[in-house]
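# Fold and geometry: a report
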Amino acid sequence: MHIDNTLRLDFKDVLIRPKRSTLISRSEVDITRDFKFLHAPVAYHGIPVIAANMDTTGTFEMAKALDPFMLSAALDKHYSEDELVKFFTELERKATAFYTLGIGDDDWEKFQSVNRKAPGAVQYVCIDVANGYTERFVNFIKKVRDTYPDLVIMAGNVVTGDMTEELLLSGADIVKIGIGPGSVCLTRKMTGVGYPQLSAVIECADAAHGLGGRICADGGCTTPGDIAKAFGGGADFVMLGGMFAAHDECAGKTITKDGKTMKQFYGMSSEQAMEKWSGGVAKYRASEGKEVFLPSRGPVAGTVQEILGGLRSACTYVGARRLKELTLRTTFVRVTQQLNEVFG
Ligand code: 5GP
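Residues numbered from 1 in each chain as written. Predicted model: local features only at pLDDT ≥ 70, side-chain atom pairs only at ≥ 80, totals over all residues. Heavy atoms only, no water.

## What about the overall build of the protein?
Short version of the rule: Strands are runs of DSSP state E lasting at least two residues, helices are runs of H or I lasting at least four, and both sets are numbered from the N terminus onward. Residue exposure (1.4 Å probe, protein chains only): buried if accessible area is under 20% of the type maximum, exposed if over 50%, otherwise partly exposed. By definition, residues are in contact when any of their heavy atoms lie within 4.5 Å. With residues, only the protein chains shown are counted as cover, and all accessible areas are computed by Shrake-Rupley using a 1.4 Å probe.
Helix and strand counts for the protein stand at eleven helices and 15 strands. Its C-alpha atoms give the protein principal-axis dimensions of about 55 × 55 × 50 Å. Burial status across the protein gives 52% buried among its 344 residues. Restricting to contacts in the protein with at least 6 residues of sequence separation, those with at least 24 account for 67%. A total of about 16200 Å² of accessible surface is found on the protein, and carbon and sulfur atoms cover 51% of it.

In structure tokens:
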């Protein structure tokens, strides 16, 4: 039996140490990033925060609402071919929307067909599987890279440096990091598998950056402070599900409970998602996601302002004039308590 005794940390285990700074105001901070990629000859410019490709948050409406702020959405993979063709042909800054696909034959055929009907319209794809450690997944990435050399490919999820390198060498530009940290995820409970998210981000960023690759921290951010910690730990992109849930732009049921409007949010491996998309939970598997109803939060623009304000402020505290400098200027301190909860 091998037990790795190195301590691995989550967002809740650390705070960012403030540093001397010459910045006068947070309005001086530039939180856009410019990226080149390992494979795709594409120049990215934007704020590298992405709404998760869940069917509640990865909607066309979300992509359109985030676009003016220069944030992105990874779209739900269940949109029809015609809907996707229309969306990608009409989107103004199409560079920022990720087309999501799984690794099934139907996913591949639909993607090829969308590309034939709207040539060049899709620039960014997200190849998404719960477990990015399979040979089949690696081979699928190779196939997409060989067929579409100009596509920016984000692929995941994994949580270790070795697999991050393998996915990059197989054709991915951005590797998506996170197994089990999600707000509606039950993988750790159902399987005992996972990895503390902040350490996963730090270790995988190190592996990816050594090769000229990028990573996207996916899952586990509950506050703007967690997003700052993910960027501070080395993430190039950060993906958010729960923080973008329950807004007007989200899909899902709306109910009224005790006079309050509540919106449905659920994991993509939950019973609810499997009922909706696969006609129920297959006999050989168990649900690894849950369903929640959250108080309705209005337009996503308000949340975006909060996130961007928090990020700018984090940069000011450590003297980072640009988001790019945040990692270099971040020193984490381990803590036993994050917040003063005296008033709940
Ligand atoms: P959040 O930002 O809500 O903490 O995490 C969002 C991420 O959780 C998604 O991008 C995805 O990687 C992951 N996720 C979404 N649905 C499920 C699910 O049903 N099960 C698991 N294990 N992870 C999920």
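## A look at the nonpolar core
Applied cut-off: Nonpolar cores were defined as sets of buried Ala, Val, Leu, Ile, Met, Phe, Trp, Tyr and Cys residues, with membership established by side-chain atoms within 4.5 Å.
One finds Ile-127 and Phe-244 to be the most contacted residues of the largest nonpolar core, which totals 85 residues. A per-element tally of this core places helix H10 (residues 300-318) first, with eight residues. Listed in part, the 21 residues of the second largest apolar core include Val-42, Val-152, Met-154 and Cys-216.

## Quick look at the site of the ligand
Note the following rule: Proximity criterion: a residue is near a molecule or strand once any of its heavy atoms comes within 4 Å of it. We call two N or O atoms a polar contact when they sit within 3.5 Å, provided that within protein one can donate a hydrogen and the other can accept it, with sequence-adjacent residues counted only if both atoms are side-chain atoms. Each residue gets one label: Ala, Val, Leu, Ile, Met, Phe, Trp, Tyr, Cys and Pro are nonpolar, Asp, Glu, Lys and Arg are charged, and the others, such as Gly, are polar.
Taken together, 20 residues surround the ligand, and among them Ser-183, Thr-187, Asp-218, Gly-241 and Ser-269 come closest. Within the backbone of Glu-288, a nitrogen or oxygen atom sits 2.9 Å from a nitrogen atom of the ligand. Bound to the protein, the ligand loses 88% of the 520 Å² it would expose on its own. Among the residues forming the shell around the ligand, the class breakdown is six nonpolar, twelve polar and two charged.

## A look at the packing of helix H8 (residues 224-232) against H10
Applied cut-off: A fitted line through C-alpha atoms serves as each axis, taken over the contacting stretch for helices, and the angle formed by two N-to-C directions is quoted from 0 to 180°. Each angle receives one of four descriptions, namely roughly parallel if under 35 degrees, roughly antiparallel if over 145, roughly perpendicular if within 65 to 115, and oblique otherwise. The hand of a helix crossing depends on one turn: near helix anticlockwise from the far one by less than a right angle means left-handed, and clockwise means right-handed.
At a minimum axis separation of 8 Å, H8 and H10 run at an interaxial angle of 50°. Put simply, H8 runs oblique to H10. In this structure, the crossing between H8 and H10 has a hand that is right-handed. On H10, the residues touching Pro-224, Ile-227, Ala-228 and Phe-231 of H8 are Glu-306, Ile-307, Gly-310, Leu-311 and Ala-314. Across the contact of H8 with H10, the residue classes break down as seven nonpolar, one polar and one charged.

## Observations concerning the environment of Gly-194
Assignment of secondary structure puts Gly-194 in the loop between helix H6 (187-191) and helix H7 (197-211). Those residues in contact with Gly-194 that lie beyond four places of it in its chain are Ile-179 and Arg-188.

## Brief notes about the UniProt feature "binding site: K(+)" (unreviewed entry) in the protein
For clarity, the threshold we go by: UniProt positions are given in the numbering used here, feature names are shortened, and annotations may be inferred rather than shown by experiment.
Per the UniProt record, the feature "binding site: K(+)" (unreviewed entry) sits at Gly-180 and Gly-182. Mapped onto the secondary structure, Gly-180 falls in the loop between strand S9 (174-177) and H6. When its relative accessible area of 15% is taken as the criterion, Gly-180 is described as buried. Ignoring sequence-local partners within four residues, the contact set of Gly-180 consists of Cys-185, Thr-187 and Arg-188. The class of Gly-182 is partly exposed, set by a relative accessible area of 28%. With residues near it in sequence (within four places) discarded, Gly-182 still touches Gly-219 and Gly-220.

## Structural notes on H10
We count it as follows: For a helix, the expected span equals 1.5 Å multiplied by the residue count minus one.
For H10, with 19 residues, the first-to-last C-alpha span of 28 Å sits near the 27 Å given by 1.5 Å per residue. All of the buried residues in H10 are Val-300, Thr-303, Val-304, Ile-307, Leu-308, Leu-311, Ser-313, Ala-314, Cys-315, Thr-316 and Val-318. Buried residues belonging to H10 abut strand S1 (14-16), helix H1 (60-66), H8, strand S11 (237-240) and helix H11 (326-329). Following H10 by one or two positions, Gly-319 adopts a phi angle in the positive range, close to 75°.

## Things to note about the side chain of Thr-164
One can find Thr-164 in helix H5 (residues 161-169). Of note is the side chain of Thr-164, whose polar atom sits 2.8 Å from the backbone oxygen of Thr-160. Not counting residues up to four positions away in its chain, the partners in contact with Thr-164 are Val-158, Val-175, Ile-177, Cys-204, Ala-207, Ala-208 and Ile-215.

## With respect to the sheet that holds strand S12 (residues 254-257)
We apply this condition: A pair of strands counts as paired when DSSP detects no fewer than two bridges linking them.
Here three strands make up an open sheet; going across it, the order is S12-S13-S14 and the pairing antiparallel. In this open sheet, the two strands that pair with only one neighbour each are S12 and strand S14 (291-295). Each strand axis lies, on average, 40° off the axis of its neighbour in the sheet, ignoring direction. Bridging between S12 and strand S13 (residues 260-266) involves four bridges; their strand directions are antiparallel. Directly across from Thr-256, in S13, lies its bridge partner Thr-261.

## Focus: the packing of aromatic side chains
Heads up, the rule is: In this analysis, rings of Phe, Tyr and Trp, with Trp reduced to its six-membered ring, are considered paired at centre separations within 6.5 Å, and the interplanar angle assigns stacked below 30 degrees, edge-to-face beyond 60, and tilted for intermediate values.
Under the definition given, this model contains 14 aromatic pairs. Relative to Tyr-44, the ring of Phe-35 lies with its centre 5.5 Å away and its plane at 25°, an arrangement referred to as stacked. Tyr-44 shares its class with Phe-35; the two are buried. On the numbers, 5.2 Å between centres and 75° between planes, the contact of Phe-111 with Tyr-148 is edge-to-face. Of this pair, Phe-111 sits in helix H3 (residues 105-117) while Tyr-148 sits in the loop between helix H4 (135-147) and strand S8 (152-158), placing them 37 residues apart in sequence. Three or more aromatic residues link up through ring pairs in this structure, and these residues are Phe-60, Tyr-79, Phe-87, Phe-88, Tyr-99, Trp-108, Phe-111, Phe-140 and Tyr-148.

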